[in-house]
Amino acid sequence: AAAAEAEVRLLLQEARESIEAARSYRRELQQRLRGLHQAREQIKDSATSTRDVLEQHFSDLKGTLKKLLDERLTSLLQEVDVIEQESIKPLDECQKLIEHGVSTADDLLREGESAVDGDVGQQNEKLCNFTKKALHIQLDSLPEVPSLVDVPCLSAQLDDCLLTILKNQIFRHGTVASRPPVQLEEFVEKPGGILVRWCKVDEDFTPQDYRLQFRKSPGSPFEDVYVGSEPEFLVLHMDPHVDYQFRVCARGDGRQEWSPWSVAQTGRTTLVPHEWTAGLEGYSLSSRRNIALRNDSQSCGVLYSKAPTYFCGQTLTFRQTVGQPDRRDSLGVCAEQRNGDESLQRDQAVCVSTNGAVFVNGKEMTNQLPAVTSGSTVTFDMEVVQLGPSSNEGGNFKLRVTISSNNREVVFDWVLDQCCGSLYFGCSFSYPGWKVLVF
């Protein structure tokens, strides 16, 4: 009985495992069915959109071509009218002159015939008058009439090769691509932004420039956010926990037109943006509080972040416009805010001075970075170095820190008194003119 019961339990266990496997198998099949449905919808939607684009484009093209042809026809007809009017005008003037001569000759003929056939008593006087009049009219002077070869003979010269050229151009105009040459590859969450990366998927395509667009809601139009040669771009000023749609296209080497758009993909960030603390007398902040400007106030001190928003594994970047440097200036991170300090060159902080000196817990390192220049960036990357169980119980906590500036970097271990899941960032400048963007 015990053996039979054990066998039943084994069979039940095997049956439950088979049922769970069947459920998992069904979920996978349903997931693949959804994938097939999405793929089919993408093909149909993109085909419909492509048809609409082609029909609209060729409709616009036909309208434009008809307008251009009508304008050219009107121009040529006007040219015919001008030549006709200018050529006929002297002929009309000559015709009037000849018609006047014919009228004068008719009058002279009637007068001569009357003088010849008149009374004998008056004949002598009429003949004298007629003869004088005939001599005055100059009957041997005739107007010049142009020959047919000397007057314009209008014709139209129409080059039939235009049709051949248009035909060849039209047959080569437009292409249908089954896949865009570039596709979105990766979305990396950043505080208040997303680092978007894309890649080339067509080996025969040589990109010269990329064009990245995004939109906040499906019904709104896409907006350009980046045009350039880099295959990635950090999109800032994004609301956390909000979906954004992205798409990218490229322009081939030596070409003017852009390629088809990539498949639109959704990205989001869950990280709140880095912000400076408002209200410190010596600094003015931008509307988004991610840019701090050292003003003319004589007040000195450290400007901290609003919250400890820097986490290990992220990259913290400062980009600055320079003012007058001072050895006490600092850019860096710290475990806690501490009022009353004039610089981050203190305990529980790592920073770099504007002259390139690196300080760890208030002590200057031997290694040094280049001096900060206007428009340059200073980046901080940190990762936790495991020290064993004690590191999670309030003992020593070590971080591997990499600070980079102007293509140089220093790497060192930073020991803290306690475990810090997140860190503050801060800056201090002795003189006005410094402006720092943090992201």
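Thresholds, definitions, all that
- Residues numbered from 1 in each chain as written.
- Predicted model: local features only at pLDDT ≥ 70, side-chain atom pairs only at ≥ 80, totals over all residues.
- Heavy atoms only, no water.
- UniProt positions renumbered as here; feature names shortened; annotations may be inferred.
- Salt bridge = Lys/Arg side-chain N within 4 Å of Asp/Glu carboxyl O.
- Helix = DSSP H or I, 4+ residues; strand = E, 2+ residues; numbered from the N terminus.
- Buried < 20%, exposed > 50% of the residue type's maximum accessible area, 1.4 Å probe, protein only.
- 1 Å grid on protein atoms, 1.4 Å probe; cavity = no way out; pocket = protein on both sides within 12 Å on 5 of 7 lines; lining within 4 Å.
- Points joined across faces, edges and corners; volume = space filled by probe spheres on them.
- Nonpolar A, V, L, I, M, F, W, Y, C, P; charged D, E, K, R; others polar.
- Domains from an automatic or database assignment.
- Contact = heavy atoms within 4.5 Å.
- Phe/Tyr/Trp six-rings, centres within 6.5 Å; stacked < 30°, edge-to-face > 60°.
- Lys NZ or Arg CZ within 6 Å of the ring centre and 35° of its normal.

If you look the protein up in an unreviewed UniProt entry, it shows as Cytokine receptor-like factor 3 from Emberiza fucata. Per UniProt, the comment on the protein under Sequence similarities (unreviewed entry) is "Belongs to the cytokine receptor-like factor 3 family." In its Function (unreviewed entry) section, the UniProt entry covering the protein states "May play a role in the negative regulation of cell cycle progression."

**Brief notes about the pattern of salt bridges**
Here the idea is simple: oppositely charged side chains can pair when their charged atoms come close. All chains considered together, the criterion is met by 20 salt bridges. As a salt-bridge pair, R289 and E275 come within 3.2 Å of each other at their nearest N and O atoms. In this pair, R289 sits in the loop between strand 8 (283-285) and strand 9 (291-294) while E275 sits in the loop between strand 7 (265-267) and strand 8, placing the two residues 14 residues apart along the sequence. Classification of R289 as partly exposed rests on a relative accessible area of 30%. Its relative accessible area of 16% is what places E275 among the buried residues. Among the ionic pairs, D326 bridges to R328, the shortest N-O distance being 2.9 Å. Judged by its relative accessible area of 15%, D326 is buried. For R328, a relative accessible area of 34% puts it in the partly exposed group.

**So, the layout of surface pockets**
By volume, the largest pocket amounts to about 1,600 Å³. Lining the largest pocket are 40 residues; nearest its centre among them are T50, A177, S259, P260 and W261. It is helix 1 (residues 2-117) that contributes the most residues to the lining of the largest pocket, 13 residues altogether. Split into classes, the residues belonging to the lining of the largest pocket amount to 16 nonpolar, 15 polar and nine charged. Split by domain, the residues of the lining of the largest pocket number at least three in each of domain 1 (13-172) and domain 2 (182-269). One number sums up the size of the second largest pocket: a volume of about 550 Å³. If you go around the second largest pocket, you meet 17 residues; those closest to its centre are R72, L76, A156, Q157 and L158.

**Focus: the environment of V350**
Within the secondary structure, V350 is located in strand 14 (residues 349-352). Between the C-alpha atom of V350 and that of C334, which follows or precedes it by 16 residues, the distance is 6.4 Å. Ignoring any residue separated from it by four or fewer positions in sequence, one finds V350 in contact with L331, G332, V333, F359, V360, F380, M382, F412 and W414.

**Observations concerning the UniProt feature "domain: Fibronectin type-III" (unreviewed entry) in the protein**
UniProt's feature table lists "domain: Fibronectin type-III" (unreviewed entry) at residues 180-273, given in the numbering used throughout. The span residues 180-273 shows a helical share of 0% and a strand share of 51%, and its end C-alpha atoms are spaced 33 Å apart.

**Focus: the packing of aromatic side chains**
Enumeration over the complete set of coordinates arrives at eleven aromatic pairs. For the ring pair Y226 and F233, a centre distance of 4.8 Å and an interplane angle of 20° mean the geometry is stacked. Taken together through their ring pairs, the aromatic side chains of F187, F214, Y244 and F246 make up a single cluster. A cation over an aromatic ring shows up here: R251 above the ring of W258, its NZ or CZ 4.2 Å from the ring centre.

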